[in-house]
Amino acid sequence: IELKSEQVIATDSSCGAKTELTRLMIDRGVSFNFIIETIAADDKIAADDKQNGDVEMAAEKDDDATEEKESHRKLAKSGFYISKRKIAGRRLVMFAQQKVSNDASSDSNLDDPLGLMVITRPNTGKNPCERTSKDLLDKYDILVSSEDIAHHLRSVNNEESDADSEEKKSDNDENKTHDAISVVRKNWKK
C-alpha cells in the first residue's frame, strides 16, 4: 500500500475542520511474467533434482505415482485455466498449482487425497484458500499446463539435452502451446 496523494477538498467555515481526500495505491496482483518465472524456476529445480538423483529411482517413483493417479481419481495439472462460463461478460483466467508436488514422494496422493490446488489470479494474487481438483475441473478448462510452458521455455532457450530430443513434441503441439500462452497473456490483466 502506497500513499498516492492527499488533497483538502473542503473546509468547514464555522469550525475550520478540513475534509481530506487520501488516495492509496494498493497492488495485490501478480504479473504474467512473475508466474512464468516461477514455472521456469520450478522446472530448473526439478531438472537439477533429476540430474543429482538416481535416474532409476526417479523412474520408479514416476511409474508408482502414475499408477496411483490413474487408479483413484483425476488430479488437475498445474497450469493456466480459463472459466467454462462467462463471468461479467468474459471468461476468467487463473493459474493453479498443485499444493503437493507429484514427485515429492511416491505417497503424494496419500498426503493430498483431494488434489488441492493453490489458485493465483492476476488482480488478487495468491488465494489463501485452496481448491480441490474436482472443483477446479468442473468449473475451469486447462489452457496450458506448467509442463508445456516449461517445455516451450526450454525449446525457446535451446536448453534441451540429447535425451530430451527423443521426447520432443511435434511442431503442431509446440504451436498449440505458443497459442495458448498468447491467449493467457492477453487475458491476464493485472
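Reading the values: rules and limits
As a convention, each chain's residues are numbered from 1 in the sequence order in which they are written. With the structure being a predicted model, the display of local features is reserved for residues of pLDDT at least 70 and the display and counting of side-chain atom pairs for 80 or more, all residues being used for whole-chain, interface and lining totals. Only hydrogens and water are set aside; all other atoms, that is, all heavy atoms of the structure, feed into the side-chain values. Values of pLDDT, the confidence the predictor places in each residue, fall between 0 and 100. The contact criterion used throughout is that any non-hydrogen atoms of two residues lie within 4.5 Å. Only DSSP runs of H or I reaching four residues or more are called helices, and only runs of E reaching two or more are called strands; each is numbered from the N terminus. Relative accessibility thresholds used throughout: buried, under 20% of the residue-type maximum; exposed, over 50%; partly exposed, between the two (1.4 Å probe, protein chains only). Under the convention used here, Asp and Glu are negative, Lys and Arg are positive, and both His and the chain ends fall outside the count. What counts as a salt bridge is simple: a side-chain nitrogen of Lys or Arg found within 4 Å of a carboxyl oxygen of Asp or Glu. Residues enter a patch when their relative accessible area is above 30% and they make no salt bridge; the linking distance is 9 Å between like charges and 5 Å between nonpolar side chains (Val, Leu, Ile, Met, Phe, Trp, Tyr). For accessible areas, the Shrake-Rupley method is used with a probe of radius 1.4 Å. Any residue's cover is judged against the shown protein chains and nothing else.

**Topic: the confidence of the model for the protein chain**
Consideration 1: Mean pLDDT for the protein chain: 77, with 70% of residues reaching 70 or above.
Consideration 2: Segment residues 104-109: pLDDT under 50, and 11 contacts once partners within four positions in sequence are set aside and those in other chains are kept.
Consideration 3: Counting interchain partners and residues more than four positions distant, the pLDDT-below-50 stretch residues 159-166 has 7 contacts.

**Side note on the side chain of R121**
Consideration 1: Relative to the helices and strands, R121 resides in strand 5 (residues 117-121).
Consideration 2: Among buried charged residues, R121 stands out as having no salt bridge; its nearest opposite-charge side chain is D135, 8.4 Å away.
Consideration 3: Setting aside residues up to four positions removed in sequence, R121 forms contacts with V30, M94, R131, Y140 and W188.

**Description of a nonpolar patch on the surface**
Consideration 1: Residues I1, L3, L24 and I26 make up a contiguous nonpolar surface patch of roughly 470 Å² in combined accessible area.
Consideration 2: The residue L24 is located in strand 2 (residues 18-25) in this model.
Consideration 3: Of the residues examined, L24 reaches a relative accessible area of 49% and is grouped as partly exposed.

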